[in-house]
Amino acid sequence: MAIDLRNHKLDRAFDHIDVSGGGEIERADLLGLGARILVGFGESPTSATGTKLVDSFDGIWAALSGALDRDVDARMTREDFHKAMAAAFIDGERYEPVFRPAIQAVAELCDADGDGFVRPGEFRTMLSAFGTAYDDVDEAFDRLDRTGRGVLSVTDLVEAAKEYYTGEDPHACGNWLFGPL
């Protein structure tokens, strides 16, 4: 069951990147996801915040390519993506040094006023960049809001992402990061 859950979550992650639905992704597709996030928050990719996000997404692609022993310009199929994510971030040791900084950059971007909290509107902006259905965003936010305060801390969002990408518990709150599975 854990493998089925992992595959389902990785399929969704692949679909966040493969917006054309062509069945293959490349570096530009992952950077396109980063660009959609930046545009949603009105952030320039050349600002300090934008550069941090772009560089961290580039680092993810380099780690994925490296896990497959491929050049960074190579394309990946869904199966390749599954293998690379497992090798680099789930079973491998690249999550903390590579993936977490990217998640942190996205979470900090969502915290528009810098107070350490992400509000429902900011969360909605982020999820729209990932292609989450509008009707699923409120329930996802409520599931992730473990304190019931109507806000998510940046730390909560980063930890939810770790649960989503690396967790095997089918009941984990982080599984709701992008809406219902």
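Here the structure is a predicted model, which means the values were calculated and not measured.

About the thresholds
Residues numbered from 1 in each chain as written. Predicted model: local features only at pLDDT ≥ 70, side-chain atom pairs only at ≥ 80, totals over all residues. Heavy atoms only, no water. Salt bridge = Lys/Arg side-chain N within 4 Å of Asp/Glu carboxyl O. Helix = DSSP H or I, 4+ residues; strand = E, 2+ residues; numbered from the N terminus. Buried < 20%, exposed > 50% of the residue type's maximum accessible area, 1.4 Å probe, protein only. Core = buried A, V, L, I, M, F, W, Y, C linked by side-chain atoms within 4.5 Å. Phe/Tyr/Trp six-rings, centres within 6.5 Å; stacked < 30°, edge-to-face > 60°. Lys NZ or Arg CZ within 6 Å of the ring centre and 35° of its normal.

Colleague: Before we go on, may I ask you to explain the pattern of salt bridges in this structure?
Modeller: Proximity of charged atoms lets side chains of opposite charge pair with each other. Summed over the entire model, instances satisfying the criterion amount to 17 salt bridges. Among the salt bridges present, the one from Lys162 reaches Glu96, with a minimum N-O distance of 3.1 Å. With a gap of 66 residues between them, Lys162 in helix α8 (residues 154-166) and Glu96 in helix α5 (residues 95-110) connect regions that are remote in the sequence. Here Lys162 falls in the partly exposed class, since its relative accessible area comes to 28%. Through salt bridges that share partners, Glu96, Arg100, Glu159 and Lys162 make up one connected network.

Colleague: Which parts of the structure should I look at to understand the nonpolar core?
Modeller: Taken as a class, soluble globular proteins show a tendency for nonpolar side chains to be buried jointly. Judged by nonpolar contacts, the single largest core of 55 residues is most densely connected at Ile37, Phe89, Phe123 and Tyr165. The set of elements that each furnish at least two residues to this core consists of α1 (2-17), α2 (27-40), α3 (48-67), α4 (78-90), α5, α6 (120-130), α7 (134-144) and α8. Take this core: its biggest share by element is 10 residues, from α5.

Colleague: Sorry if this is basic, but what is going on with unusual backbone geometry here?
Modeller: Working note: non-glycine residues mostly have negative phi, and peptide bonds are mostly trans. Even without being glycine, Asp69 reaches a positive phi, approximately 55°. Within the secondary structure layout, Asp69 lies in the loop between α3 and β2 (76-77). Look at Asp69 and you get exposed, because its relative accessible area is 73%.

Colleague: It is not clear to me how the packing of aromatic side chains should be interpreted in this structure. Could you clarify?
Modeller: The geometry of two aromatic rings is summed up by the distance between their centres and the angle between their planes. Within this structure, the stated rule accounts for nine aromatic pairs. Three or more aromatic residues link up through ring pairs in this structure, and these residues are Phe89, Tyr95, Phe99, Phe130, Tyr164, Tyr165 and Phe178. Against the face of Tyr164 rests Lys9, its NZ or CZ located 5.6 Å from the ring centre.

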